[in-house]
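A structural walkthrough
What follows is the residue order along each chain.
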Amino acid sequence: MVLKVQGLYKSFKRKPVLKNINFELGQGEILAILGRSGVGKTTILRCINNLVKCDRGIINVDQMYLCKDDGEGNTVYAKPQQMLQIRKKLGLVFQNFNLFPHMSVLGNIVEAPINVFGISKKEAKDRAMDLLEMLELSDKANSYPFELSGGQKQRVAIARACALNPKIMCLDEPTSALDPELREGIASTIENLAKDGMGILIITHDMNFAKRIAHRIIFMDEGQIIKECSKEEFFNNIDNERIKSFIS
Amino acid sequence: MMEYILRLLPALLSGLDTTLKVFFLTLILSIPLGVLVAVGRLSKIKPLVALVELYIWVMRGTPLLLQIIFVFFGLPIVGITFDRFPAAILAFVLNYAAYFGEIFRGGIESIDKGQYDAAKVLGFTPAKTFTRIILPQMIKIVLPSVANEVITLIKDTSLVYVVGLGELLRAGKIASNRDVSLVPLVVVGVFYLVLTAVLTAIFQKLEEKYSYFQ
Ligand SMILES: Nc1ncnc2c1ncn2[C@@H]1O[C@H](COP(=O)(O)OP(=O)(O)OP(=O)(O)O)[C@@H](O)[C@H]1O
Ligand SMILES: [Mg+2]
């Protein structure tokens, strides 16, 4: 198990957005979170990556607690030093990528390893070039984000998130900016990462993409998980009305 | 004619010296202070925000000339005295830091919030996020407004005459009165034009330098 989420609650201005979310993600597993717009999918990713603090719940990243219950009903977060170790295990690819526009492709990838984690320039650069080669972007190493297509930006974002060899990769709507051909490309990229043992958490509206790539599916509605099952089961016998209307 | 201009030059150049000193000192001190003003204005500490807002309001809401007079002629009344030059610099720096602060704040606010998220998930501390991610993007955004402000500053330096400092314009005016001639004023005008032309060129170069990203 590389990620475990238990009893996760989150509300914004008293409006509950996540209500008791529980799930686990295994090594090399591709888990897709599906659901209508506004049901709280991105909020789950933001909680896991500590971009927002949850109200209550346990998040366990590769045997380390990001947050947990202190036994008296309070949720406590990891200390800064531990948080940095947790960040190393997590990669996040934003829906709009959020590349650093003032840094080259290579600069985007090596920035955190060198300036946050103190890895040597040479080592960081070698790793970055390997990643770029894997993602067929070697010739763009010195380009700037504004010179890239949407698909290329996304691959740079993936490379940046992979730079510290995380155990978990989170992707928010990875196909929303891509045409069908590029969708196949990103699907095989993600599969390759999973084959190397990374746990992959994908948020998507895209049924076909989920069908193509996911091992397991979580279906959300109104801040809750209303179905969790294997992909085969999910697409073969749809018993729930909400899921039916969502798929069709 | 040429001879007359040459005779004027020593006085004008010594005026220019004062003008440039006020100009550079104000720039060097007010830009970093402006960054602090912007950060303070954007902080989450309510009293600090209120304080900075008050400061900006006063500095932008009253004439710079009044502020110079206040520091040099006003403060001694309550026992705080400055020499002419430090008094002028203090007023200029406080005034320009407020303007720069507001420009920088606008620049920082126009940066996509996603940049902070990206920095955070990569483990950046707030300080590193600011210096490595926000500041370089801010500089590019604010360059045109800063150029405007800097050109205004070179002309504003003439205000230090009020504390009796012999800057460029004052040197020209003295010569013009003495010789009953327009020439010194024209020469002074040419000096300012050359200065602003140089500054414009420098900022153009800087903008080019920052055109490698969008
Ligand atoms: N920072 C915030 N402040 C206030 N409300 C928020 C905030 N972030 C999210 N919300 C609200 O939480 C709910 C869930 O948002 P979230 O972004 O998680 O949805 P989503 O499932 O990812 O939707 P989509 O598929 O459209 O991206 C929405 O109603 C949204 O308005
Ligand atoms: Mg979303």
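For the structure, see preceding data.
Described below are features of the structure shown in this document.

Each packed pair of helices is defined by two parameters, the angle between the axes and the distance between the axes. Residues and elements named next belong to chain B. Put simply, helix 6 (residues 126–156) and helix 8 (residues 183–209) touch, their axes get as near as 10 Å, and they point 165° apart. Here helix 6 lies roughly antiparallel to helix 8, going by the angle between them. Here helix 6 and helix 8 pass one another in a crossing that is right-handed. Residue-level inspection shows L143, P144, V146, A147, V150, I151, I154 and K155 of helix 6 in contact with helix 8, the latter providing Y192, L195, T196, L199, T200, F203, L206 and E207. Residue composition of the contact of helix 6 with helix 8, grouped by class: twelve nonpolar, two polar and two charged.

Looking at soluble globular proteins, one finds that nonpolar side chains tend to be buried together. In this structure, A:L3, A:F23, A:L201, B:F92 and B:F104 are the most contacted members of the largest nonpolar core, which totals 102 residues. With eleven residues, the top contributor of residues to this core is helix 4 (residues 84–109) of chain B. Dropping the residues within four chain positions of it, B:F92 is found in contact with B:V22, B:T26, B:L64, B:I68, B:L153, B:D156, B:T157, B:L159 and B:V160. A:F97, A:L135, A:I190 and A:A194 belong to the second largest nonpolar core, which has 37 residues in total.

In the structure shown here, the tally under the stated rule is 20 salt bridges over all chains. One salt bridge connects A:E228 with A:R216, and the closest N-O pair in it is separated by 2.3 Å. You can see A:E228 sitting in strand 11 (residues 224–230) and its partner A:R216 sitting in strand 10 (residues 216–221), a full twelve residues away along the chain. For B:E53, the salt bridge goes to B:R41, with nearest N and O atoms at 3.5 Å. Of this pair, B:E53 sits in helix 2 (residues 46–61) while B:R41 sits in helix 1 (residues 2–42), and the two are twelve residues apart along the sequence. Residue classification places B:R41 among the buried positions, given a relative accessible area of 19%. Residues participating in the shared-partner salt-bridge network are B:R60, B:E102, B:R105 and B:E109.

All names here are of chain B. Scanning the model with the defined rule gives twelve aromatic pairs over all chains in all. Ring geometry for Y96 versus Y99: centroids 6.4 Å apart, planes at 45°, classification tilted. Here Y99 and Y96 lie together in helix 4, a separation of three residues that amounts to about one turn. A relative accessible area of 1% places Y96 in the buried class. On the numbers, 6.5 Å between centres and 70° between planes, the contact of Y210 with F213 is edge-to-face. Exposure class is identical for Y210 and F213. Each is buried. What links up through ring pairs into an aromatic cluster is the set F92, Y96, Y99, F100 and F104.

Residue and element names in this part refer to chain A. Judged by pairing direction, the sheet is antiparallel, and its five strands sit side by side in the order 2-1-4-5-6 without closing on themselves. Taken across any chain shown, the strands that pair with only one partner, and hence form the sheet edges, are strand 2 (15–25) and strand 6 (75–77). Neighbour-to-neighbour, the strand axes of this sheet turn through a mean angle of 20°, independent of strand direction. Relative to strand 2, strand 1 (residues 3–12) is paired through eight bridges, and the arrangement is antiparallel. Paired with S11 across the two strands is P16, which belongs to strand 2. Strands in contact with helix 1 (residues 41–48) are strand 1, strand 2, strand 4 (56–61) and strand 5 (64–69); relative to strand 2, the strand with the most contacts, it is inclined by about 65°. Strands strand 4, strand 5 and strand 6 of the sheet are contacted by helix 2 (residues 80–89), whose axis makes an angle of about 120° with strand 5.

Residue and element names in this part refer to chain A. Pairing is mixed in the open sheet, where six strands are placed in the order 7-8-9-3-10-11. Edge positions in the sheet fall to strand 7 (90–93) and strand 11, since each has one partner strand and no second. If you compare each strand with its neighbour and ignore which way they point, the axes differ by 15° on average. Taken together, the four bridges between strand 7 and strand 8 (residues 168–172) define a ladder with parallel strand orientation. Bridge pairing links G91 to M169 in strand 8. Helix 5 (residues 150–162) contacts strand 7 and strand 8 of the sheet and is inclined by roughly 165° relative to strand 7. Its contacts with the sheet put helix 6 (residues 180–195) on strand 3 (30–35), strand 8 and strand 9 (199–203), and the angle it makes with strand 9 is roughly 150°.

What counts, and where the lines are drawn
Residues numbered from 1 in each chain as written. Chains lettered and ligands numbered in written order. Predicted model: local features only at pLDDT ≥ 70, side-chain atom pairs only at ≥ 80, totals over all residues. Heavy atoms only, no water. Axes fitted to C-alpha atoms, helices over the stretch in contact; angles between N-to-C directions. Helix = DSSP H or I, 4+ residues; strand = E, 2+ residues; numbered from the N terminus. Parallel < 35°, antiparallel > 145°, perpendicular 65-115°, else oblique. Left-handed = near helix turned anticlockwise from the far one by under 90°. Contact = heavy atoms within 4.5 Å. Nonpolar A, V, L, I, M, F, W, Y, C, P; charged D, E, K, R; others polar. Core = buried A, V, L, I, M, F, W, Y, C linked by side-chain atoms within 4.5 Å. Buried < 20%, exposed > 50% of the residue type's maximum accessible area, 1.4 Å probe, protein only. Salt bridge = Lys/Arg side-chain N within 4 Å of Asp/Glu carboxyl O. Phe/Tyr/Trp six-rings, centres within 6.5 Å; stacked < 30°, edge-to-face > 60°. Pairing = 2+ DSSP bridges.

The values reported here are purely geometric and, on their own, carry no functional implication.
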